[in-house]
Amino acid sequence: MTWLWFFAKIGVALGIIFSLGPVCIMGDRKISAWIQGRVGPNRVGPWGTFQPIADILKLMMKEVIVPDGVDKVLFLGGPLIVFIAPVFGYCVIPFGNQIGEEKLQVVNLDIGLLFIMSVLSVGVYGITLGGWASNNKFSLMGSLRASAQLISYELTFGLTMLLVVMMSASADPLKSASVDLSKIVLHQAEYGWNIFGGATWWGLPSGLIGFVLLFTCAMAENNRLPFDMAECEAELVGGYHTEYSGMGFAMYMFSEYCSMILSASLIVTLFLGGWSFPYLTDPADHSFLAGVISIGVFFTKICIILFLYIQLRWTLPRFRYDQVMSLGWKTFLPLALVNIGYMAVIGVFLEKP
Amino acid sequence: MAIDRPTRLPMEIEEQTEGDLGGKRMIVNFGPQHPATHGTLRSIMEVDGEVIKHMDLEIGFLHSGFEKISEARTYNQTVVVSDRMNYLSPLCNNIGLSCAIEKMMGIEVTPRCAAIRVILYELSRIADHIVCVGLQAMDLGAFSMMLWAFIERERLYDIFENVTGARLTTSYTRVGGLMRDVPHDFKDQVKAFLITGRKTVREMENMLNTNRIFMDRCKGINKIGKADAISYGLTGPLLRAAGVPYDLRKNRPYLGYEKYDFELVTEQEGDVWARYRVRVRELYESMKIVEQAIEMLPEGPINIGDPEVVIPHKNEKNNPQGGMEGLIYHFKNYMYGHGVQPSPGEVYLGTEAPNGELGYYLVSDGTQKPWRWRVRPPSFYNYQAFPEMCKGGTISDVVSGLSSLNIIAGELDR
Amino acid sequence: MLATVAVVVIAVVLIATAVAVVVSDNLVHSVFWLAAMLITTALLYVMLEAPFLAAIQVMLYTGGVITMMLFGVMLTQRDPGSRVPSASEAPGWAAPVALGLGATLLVAIWTTPELAALTPTPSGDAQKIGHMFLDRYLIAFEALSVLLLAGMIGAIVLARKGDA
């Protein structure tokens, strides 16, 4: 029975990421079409819904061109490595309430947050490798930009996660902070979402700023449009995937959407209460139906965040590279530090037992 | 000035070293096939990190020999050649060319013809500017803006198609008049466009004007000062963005532009942002002109009555040159040694095309074909100042700068 | 049993990747092998039930330090794709030094009785590390942070030299 549960959970987690990926691609194209006054894909299947499948079939049948002078092993390995972050990261995301004795989370790690951080930091290798191995100046520039950007924004990313940890500790009777994601979600279900300051009223500004910071940093980590320095089709042609064709390109593209989904899940888990919703889910109710409802709530929240991502992508212009850097180091990092300082100082003075 | 710098081949640049670290500068090649060039241009950049230290331009990838071809065409036939130069606003080329030939021959077009030409000229300007602003936004990543602009451009092309029969290769003007009169629903179509066009431009302004990212990408980028702008021979929105109030429609009016009430738009900064502002404000001014022209569009003939220049209708009743007389002119106009034959001499007429001064310099030897047919394309003069603007900026600034110049390769290389 | 096999496999991979770092003739490949080695080390930490340490290892070394190294290697290359020779200048000297170091470590491990007595503690390693940093090893911790600060300032000074 345990093994069955285990595989079922893996199935749901992978199902979310791999089925939502094509939906996300489709949504991206349809939403962009609505924004731009177009129709969007509408030929394959009803309302064009099979378009992603057709795209992937097309890309699979295309030849993988390996240009002259590339580092073959790294060139072909790059597209594989980019999948590490989204797939491994999803192991620790709690996607629903407990059903019976089983937590709806593939593995319940005590170091959940840190695990995600470390997996994300490995994810950049795919881009760096691919860009470097391509033997192309534009690719190299794209991959250098991507890794510099990732390192810069990881700091703010980490500090904002720290904020969440502090928030979930603030109302805990034992005062012990936890980086366990399922505990963070349970805390939010019990006391209030972290975006509204968690358990306390004075946490509200901190929570809002933290949410905005995490949202933006996640966008930067995914190389989505206002921050898509690595691709930047107007300057670097295609950035790190200029030389890729066929499945190599498909995997880079798909992994971008997968990491988008991971980021959305992370934002939902850390700030928007995970699978919980007032009056709809009850943390104490461990029935099957409640579990399914909680999965539905989680799914809906992810979709809202993803919609925001896509909508922002199609309405905002792109930053310049140095502007991205100065935004990260000169605005976001101090803001995150002040935010944490506020939380810590007020937490100590107001919540002193 | 760029002239005193010896031209170096890309291979030679590679050898140059700089800085105490002894690091070599990297050569980055932009184009001829690059998404940001919007045409076949090439700029070879010498970058230190991402900062541009030196830039060489290479042009001629789209050279089509229009000027030489035109020397083997009659005057009316060169109108067809002129379509292909600025492919964003072909009607401006047609109208400018015809005006130049008419100036050479001392012809004054009819009021209705002049008004229609002004309307079409300004509509072309709107089509050109709106696409340029859209592409500028697209190059900075705001892809949706480009498609919004193209929706309006398509509406304009519908009007052009209705008027001329073609969307791009319009060939609408003739010496002394137009190919044909505008259709009966022309006024309604233009009025309908003015409503949607204003709405779209306002929407685009709402999206971009206070957008912090767009401002950061545009303000202070690709700056060129007043004096430099004049000495490089910049014209059009680029010159006006640098604060020089120079617009041929005001300074040397043609086609009766002095009758219309519009503002000469200038900005002071001379950067990408100022160019964007100039273009957007000119969109409104052009719409104002079109509105006035369409209100007081006079009735009457569209062609001058001189049968030596414009062929009369063949069998039209009540036409003094109709019937047999008209038929004779149909032969005469197309026979060698007859037709449009300016007396020997030369003429230069500059018109204010969307990108700047579009000048035609024609030399006639008295035959029906021009002896010399030369164009002063605004893009050519605008493009030569590009390395000066880019120096010290980053590669990303090249992209935003290039889209703000609105270089049309067809016009640049001719 | 399974755990022992896993540790042995990890150890073999660890040594293999470490050797690959030294012998690969392309500097970029070396750096990537180093990254692989550090990740394998993290796996070893996991086997020793120190997941916190493992996560930090991956985050800091693989995510930060190696990316910085890649930066250095890639930026100093004249043009992308060219091979940077990284062969040691004196392999004859390097081998005895490395072997000596290894032997010293082995002897030290074997002759320290406290190490044998230690058993992996299941959880709470993060708290323990935190307490140790701010308690017993406070001076070392602070000295290290001052050193890092000095390094950071030094880097800024070096980088700004060109501008002044």
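Now for a description of the structure that goes with this document. Owing to the predicted nature of the structure, the values given are computational and were not obtained by experimental measurement.

Reading the values: rules and limits
- Residues numbered from 1 in each chain as written.
- Chains lettered and ligands numbered in written order.
- Predicted model: local features only at pLDDT ≥ 70, side-chain atom pairs only at ≥ 80, totals over all residues.
- Helix = DSSP H or I, 4+ residues; strand = E, 2+ residues; numbered from the N terminus.
- Rg over C-alpha atoms; globule rule 2.2 N^0.38 Å.
- Contact = placed C-beta atoms within 7 Å.
- Nonpolar A, V, L, I, M, F, W, Y, C, P; charged D, E, K, R; others polar.
- Pairing = 2+ DSSP bridges.
- Axes fitted to C-alpha atoms, helices over the stretch in contact; angles between N-to-C directions.
- Buried ≥ 20, exposed ≤ 12 C-beta atoms within 10 Å, placed from the backbone.

A separate point is the overall build of chain A. Within chain A, the regular secondary structure consists of 12 helices and 2 strands. N-terminal to C-terminal, the α/β element order of chain A is α-α-α-α-β-β-α-α-α-α-α-α-α-α. Taken over C-alpha atoms, the radius of gyration comes to 21 Å for chain A, in line with the 20 Å a tight globule of 353 residues would show. When its C-alpha atoms are laid out on the principal axes, chain A stretches across 65 × 50 × 40 Å. The long-range share in chain A, meaning contacts at least 24 apart out of those at least 6 apart in sequence, stands at 75%.

This brings us to the interface of chain B and chain A. Facing 26 residues of chain B, the contacting portion of chain A comprises 21 residues. Looking at the side of chain B that touches chain A, the elements that each hand over two or more residues are β1 (26–30), α5 (111–139), α6 (143–164), α8 (212–218) and α16 (395–405) of chain B. Looking at which element gives the most residues to the side of chain B that touches chain A, the answer is α6 of chain B, with 5 residues. Split into classes, the residues belonging to the side of chain B that touches chain A amount to 16 nonpolar, 6 polar and 4 charged.

The next thing to look at is the interface of chain A and chain C. The interface is formed by 21 residues belonging to chain A together with 18 residues belonging to chain C. Listing elements by their share of the side of chain A that touches chain C, those giving two or more residues are α5 (112–133) and α6 (137–170) of chain A. With 10 residues, α5 of chain A is the single largest residue contributor to the side of chain A that touches chain C. Among the residues making up the side of chain A that touches chain C, the classes are represented as 12 nonpolar, 6 polar and 3 charged.

Our next topic: the sheet that holds strand β7 (residues 356–364) of chain B. Residues and elements named next belong to chain B. Taken in spatial order, the 3 strands line up as β6-β7-β8 in an open sheet, and their pairing is antiparallel. Each end of this open sheet is capped by a strand with a single partner; those strands are β6 (345–353) and β8 (370–376). Each strand of the sheet is rotated relative to its neighbour by a mean of 15 degrees, with strand direction disregarded. Where β6 and β7 come together, 9 bridges link them in antiparallel fashion. By the bridge assignment for β7, E346 is matched with V363. Sitting on the sheet, helix α4 (residues 90–105) is in contact with β6 and β7, with an inclination near 145 degrees to β6.

The next subject is the pairing of strand β2 (residues 42–48) of chain B. Examined bridge by bridge, β1 of chain B and β2 of chain B share 5 bridges and lie antiparallel to one another. For V28 of chain B, the partnering residue across the bridge sits in β2 of chain B and is M45 of chain B.

A word on unusual backbone geometry. In this model, W47 of chain A sits at a positive phi of 50 degrees, which is unusual for a non-glycine residue. Examined against the element boundaries, W47 of chain A turns out to sit in the loop between α1 (2–35) and α2 (51–61). Given 14 C-beta atoms within 10 Å, W47 of chain A falls into the partly exposed group. In this structure, L255 of chain B takes a positive phi of about 50 degrees despite not being glycine. Residue placement: L255 of chain B occurs in the loop between α11 (248–251) and α12 (272–295). Using a count of 22 C-beta atoms within 10 Å as the deciding quantity, one classes L255 of chain B as buried.

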